[in-house]
Amino acid sequence: MNSEPILGIDLGTTNSLVGVVDSGFPILLADENGDRSTPSAVSYGDTLLVGAAALRQRALNPARTVTSVKRLIGRRGGESDWKPRYDLKELGVTPVEVSAEILKRLKAIAERALEQKVSRAVITVPAFFNDAQRAATKKAGELAGLTVERILSEPTAAALAYGLDKLTEHQKVAVYDLGGGTFDISVLEMREGVFQVLATAGDTQLGGDDLDRALAEFIAQRLNLPPNDIRVLEGAESVKKRLSNDESASFDTLTITRADLEKIARPWLERTRAHCLRAMSDAGVKAADLDEVILVGGSTRMPLVRQFVAELFGKEPNTSQNPDEAIALGATIQAGILSGSLRQVLLLDVTPLSLGIETFGGLMNIIIPRNTTIPAKAGEMFTNAVANQDAMLIRILQGERELAKDNWELGRVDVPFPPGPKGSARVGVQFSLDADGILNVLARDTATNTDTTLEIRGTAIDVADERVEQMIAESVEFAFDDMNERIWTEARIKAEELLPAVDAALAQLGDSISESETQEVREHAAKVRQILDSADHDARALKAATQQLDDATQTLAVMLIDRAMEESLARRGLV
Ligand code: AMP
């Protein structure tokens, strides 16, 4: 190889793989034992061990052996539901540092296989990873001595692995990824060599491990053993795998048929259905619109999974790629494209959650909606809501809820401007989200042309992926309440502006309006005040009452204008 290659890396929860494009072909690289898959495990004993060696140490030293660190990366401590058997604080390392050890090992495997130094890589992350998690993954790469050329979403990588030979076709594909611990479903569109993730959904607590536990329970019950017996649990996984090829398998004296397993697996598998439907609905596609359904993840080796997917999507899934290697292969292809050793394909990805800012009244104002293709740039102009304000605090939010307080704050910028009347300041806010999902915020005071900028990377709030799912679920669950609260807030702002104006008009007009007219306006105003003061937050009633007050004061407004005209003319001696 003449120029320095770029590595493609699948940094997985349980296993990691590394590849490179050699003479135009993507290949995965094996270690000195011939293994192409490295366990994502790091053991902090007397010597630091990574991969299979770390796993072998695990039984001796469980508290010093770190596995599944991907579940912790880019999150604040204690935020994950997942409880590891180790304590990183006690070990004195961070998830980024642990990930860096795995990446260093992969780099070493590649350098040994290629007999040359490498310093650049493309690393994959789940489509659900937020800015902080992507930034943390990038940092781990840098710590391992790698320049991270691109953070790539896993379904996009899988689609690349499948789609390389069909670059000129226009098609829509679904990537159904069922691994050991997580499930992801993504819908992508490929058009003239351009990939775009249209939508993504999933469950971070759903995978082959759950089925192993269910099968272990079944086995334990039949054999009268405790269900959490580690031997039964490991036996269950082995039986499960054998049943992907054979009609029956045995554990101890018990024979388990594929039909037994499938009966247990059905409800487990059914849990993926709603996510698939949601992703299709978000992407605006029907099953019939999909040209291919791609299977990724070890659990998709099960015949029942293939059958289920075929039924759900109405077509046979494409199983032409090795489900364990597709993501690494895709990362390698992307690396090859970046290094110029494969032809150019543009990659587009989407935002998992909406990005916006808080506006007056505590509402969420979305600037970049969920499922927008990245890189993306969008902006809006804001003004001061109160007179003599001399700064605007811009809170940058991520989430799907109508009220700012229910979303997550990613950061804040304070934009100073010269004080003036309400509506006089003009602050343009621009969001740009780069291909790695890192957000840059630019706030510009257009009067003075002063820019304030903020880059949101690791400092961002740690939005764990299951919390992304939860956020989306809650946005649906609370949609009605949220919408009511938004309409209420908007109506309240309007009412609070109108009431003092009405009082001022009544005072100014004094006796020049009839008693009955004054009475009517006062009654409408009292009604608005009463609704404002009540705890019900009845948005509809407030809106209606404010509208009635507005209507009732129309004649007052006309009279005020007339009077002002008369006074002005009188001053000039014209009447
Ligand atoms: P992954 O996370 O993609 O490596 O997938 C690992 C999961 O796939 C584990 O739950 C394995 O038990 C499961 N798995 C691997 N091979 C098979 C197989 N032949 N049949 C059923 N499940 C499998």
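Residues numbered from 1 in each chain as written. Predicted model: local features only at pLDDT ≥ 70, side-chain atom pairs only at ≥ 80, totals over all residues. Heavy atoms only, no water.

Visitor: Looking at this structure, I do not really get the overall build of the protein chain. What am I missing?
Guide: The secondary structure content of the protein chain amounts to 16 helices and 25 strands. Along the longest, intermediate and shortest principal axes, the C-alpha atoms of the protein chain span 105 × 60 × 55 Å. Counting all 575 residues of the protein chain, 52% fall into the buried class. Put simply, the protein chain shows about 26,300 Å² of open surface, and 49% of that area lies on carbon and sulfur atoms. The centroid of the 63 positive side-chain charges in the protein chain is displaced by 3 Å from the centroid of its 87 negative side-chain charges. (Helix = DSSP H or I, 4+ residues; strand = E, 2+ residues; numbered from the N terminus. Buried < 20%, exposed > 50% of the residue type's maximum accessible area, 1.4 Å probe, protein only. Areas by Shrake-Rupley, 256 points an atom, 1.4 Å probe, with all protein chains shown as cover. Lys, Arg positive; Asp, Glu negative; His and termini not counted. Charge placed at Lys NZ, Arg CZ, Asp CG, Glu CD.)

Visitor: For this particular structure, what's the right way to read unusual backbone geometry?
Guide: Trans peptide bonds make up most of the peptide bonds, and negative phi angles are found at most residues other than glycine. For N224, which is not glycine, the phi dihedral falls at a positive 60°. By secondary structure assignment, the location of N224 is in the loop between α6 (208-223) and α7 (230-242). Even without being glycine, H537 reaches a positive phi, approximately 50°.

Visitor: Explain helix α11 (residues 326-339) here, please?
Guide: Since the α-helix advances by 3.6 residues per turn, residues separated by three or four positions end up pointing in the same direction. In a regular helix each residue adds 1.5 Å, so 14 residues correspond to 20 Å; α11 covers 20 Å between its end C-alpha atoms and thus fits that length. Within α11, 12 of the 14 residues are buried, which leaves it mostly tucked inside the rest of the structure. Inspection of α11 places A326, I327, A328, L329, G330, A331, T332, I333, Q334, A335, G336 and I337 among the buried residues, and these make up the whole buried set. Note on α11: the residue one or two positions beyond its end, G340, has a positive phi of about 90°. (Expected span 1.5 Å × (residues − 1).)

Visitor: I tried to follow the sheet that holds strand β25 (residues 450-456) on my own but got confused; where do I start?
Guide: Adjacent strands of a sheet pair through backbone hydrogen bonds, lying either parallel or antiparallel. Ordered by their spatial adjacency, four strands build an open sheet running β20-β23-β24-β25, and the pairing between neighbours is antiparallel. Every interior strand has two partners, whereas the edge strands, β20 (376-382) and β25, have only one. Averaged over neighbouring strand pairs, the angle between their axes works out to 15° when direction is ignored. Strand direction decides the pairing type here: strand β24 (residues 439-445) and β25, joined by seven bridges, are antiparallel. The residue of β25 that forms the bridge with N440 is E455. (Pairing = 2+ DSSP bridges. Axes fitted to C-alpha atoms, helices over the stretch in contact; angles between N-to-C directions.)

Visitor: Please clarify how the confidence of the model for the protein chain should be interpreted in this entry.
Guide: Any residue range with low pLDDT should be treated as having predicted coordinates unsuitable for detailed reading. Residues of the protein chain with pLDDT of at least 70 account for 93%, and the chain-wide mean is 86. Here residues 458-463 scores under 50 on pLDDT; set against residues more than four positions off or in separate chains, the count is 22 contacts. (pLDDT = per-residue confidence, 0-100. Contact = heavy atoms within 4.5 Å.)

Visitor: What should I look at first to understand the site of the ligand in this one?
Guide: Among the 14 residues in the neighbourhood of the ligand, the closest are listed as G180, E237, K240, S244 and G298. G180 is positioned such that a nitrogen or oxygen atom in its backbone is 3.0 Å from an oxygen atom of the ligand. At 2.6 Å, a side-chain N or O of E237 approaches an oxygen atom of the ligand. Across the complex, the protein chains shield 81% of the 510 Å² of accessible surface that the ligand would expose by itself. Those elements that provide at least two residues to the shell around the ligand are α6 and α7. No other element matches the three residues that α7 contributes to the shell around the ligand. Each residue belonging to the shell around the ligand can be placed in one class, and the counts come to one nonpolar, eight polar and five charged. (Near = heavy atom within 4 Å. Polar contact = N/O pair within 3.5 Å; in protein donor to acceptor, adjacent residues only side chain to side chain. Nonpolar A, V, L, I, M, F, W, Y, C, P; charged D, E, K, R; others polar.)

Visitor: Looking at this structure, how should I read the domain arrangement of the protein chain?
Guide: In many reports, interface size means the accessible area that the parts give up when they come together. Domain boundaries in the protein chain define domain 1 (7-166 + 327-337), domain 2 (208-269), domain 3 (349-468) and domain 4 (480-571). Each of domain 1 and domain 4 has a C-alpha centre, and these two points are 63 Å apart. (Domains from an automatic or database assignment.)

Visitor: Would you mind going over the sheet that holds strand β7 (residues 65-67) with me for this structure?
Guide: On the basis of which strands lie adjacent, the open sheet formed by three strands has the order β6-β5-β7 and antiparallel pairing. Looking along the sheet, the strands with just one partner apiece sit at the ends: β6 (48-50) and β7. Neighbouring strand axes in the sheet, compared pairwise and without regard to direction, differ in orientation by 15° on average. One ladder, built from three bridges, connects strand β5 (residues 41-44) with β7; its direction is antiparallel. Among the inter-strand pairings, S43 is bridged to a residue of β7, identified as T65. Sheet strands in contact with helix α3 (residues 95-114) are β5, β6 and β7, and its direction is about 110° off that of β5.

Visitor: Looking at this model, I keep getting lost on the pattern of salt bridges. Mind explaining?
Guide: Pairing is possible between side chains that carry opposite charge, provided their charged atoms lie close to one another. Inspection of every chain in the model, using the stated rule, returns 29 salt bridges. For the salt bridge of D252 with R231, the shortest nitrogen-to-oxygen distance reads 3.6 Å. Within this pair, whereas D252 is found in the loop between β13 (248-251) and β14 (254-257), its partner R231 is found in helix α7, the two being separated by 21 residues in sequence. Taking relative accessible area as the criterion, R231 reaches 41% and is therefore assigned partly exposed. Salt bridges sharing partners connect three or more residues here, namely R266, E270, R273 and E311. (Salt bridge = Lys/Arg side-chain N within 4 Å of Asp/Glu carboxyl O.)

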